[in-house]
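Survey of secondary and tertiary structure
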Amino acid sequence: MLMRGRAPRFVPATPLGVVELLSRSDVSLAGKTAVVLGDSNIVGTPIAALLRDAGVALVTTCHRVSLQE
C-alpha cells in the first residue's frame, strides 16, 4: 500500500471509507493540514498515506507516547 508511484494492492476498509466519506461530502483536501491520531498498521498509517496521496499538504501522525510529558 505504501509504495510510491504504484497503485495500492490492498487498502484497509476503514481508511478507504474515511477518504470516500470526505470525497462524497465535497471536502477539498488539497493544501489542508491533517492530524491522524494513532499509527496502527490497519488504520493510522494507511489513512496518513491516503491523505498524503489525496493532496493534503501536511499530515501529522500522533501516537500515545508522543503525548506524554
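In the block above lies the structure referred to throughout.
Report follows, based on the coordinates. Just so we're clear, the structure is a prediction, and the values are computed from it rather than from any experiment. (Residues numbered from 1 in each chain as written. Predicted model: local features only at pLDDT ≥ 70, side-chain atom pairs only at ≥ 80, totals over all residues. Heavy atoms only, no water.)

**What about the environment of Leu29?**
- Mapped onto the elements of the fold, Leu29 is located in the loop between α1 (13-24) and β1 (33-37).
- With relative accessibility at 15%, the residue Leu29 sits in the buried group.
- Separated by 27 residues in the primary sequence, Leu29 and Val56 have C-alpha atoms spaced 5.4 Å apart.
- For Leu29, the contacting residues outside a window of four places in its chain are Leu22, Leu51, Ala54, Gly55 and Val56. (Helix = DSSP H or I, 4+ residues; strand = E, 2+ residues; numbered from the N terminus. Buried < 20%, exposed > 50% of the residue type's maximum accessible area, 1.4 Å probe, protein only. Contact = heavy atoms within 4.5 Å.)

**Digging into the nonpolar core**
- Residues Val19, Leu29, Ala34, Val36, Ile47, Ala48, Leu50, Leu51 and Val56 constitute the largest nonpolar core, which totals nine residues.
- Per-element accounting of this core gives the leading share, four residues, to helix α2 (residues 44-53).
- Residue contacts for Val19: discarding those within four places in its chain leaves Ile47 and Leu50. (Core = buried A, V, L, I, M, F, W, Y, C linked by side-chain atoms within 4.5 Å.)

**Regarding the pattern of salt bridges**
- Counting across every chain of the model gives two salt bridges.
- With a shortest N-O distance of 2.7 Å, Glu20 and Arg24 are connected by a salt bridge. A residue pair is termed a helical-turn pair when its members lie 3 or 4 positions apart in one helix, as Glu20 and Arg24 do in helix α1 at four residues.
- Asp53 serves as the salt-bridge partner of Arg52, at 3.1 Å between the closest nitrogen and oxygen. (Salt bridge = Lys/Arg side-chain N within 4 Å of Asp/Glu carboxyl O.)

**Some thoughts on the pairing of strand β2 (residues 58-62)**
- Pairing between β1 and β2: five bridges, direction parallel. Each residue of the ladder has a partner; that of Val35, found in β2, is Thr60.
- Crossover connection from β1 via α2 to parallel β2: handedness right-handed. (Pairing = 2+ DSSP bridges. Right-handed = clockwise from strand over helix to strand, strands pointing away.)

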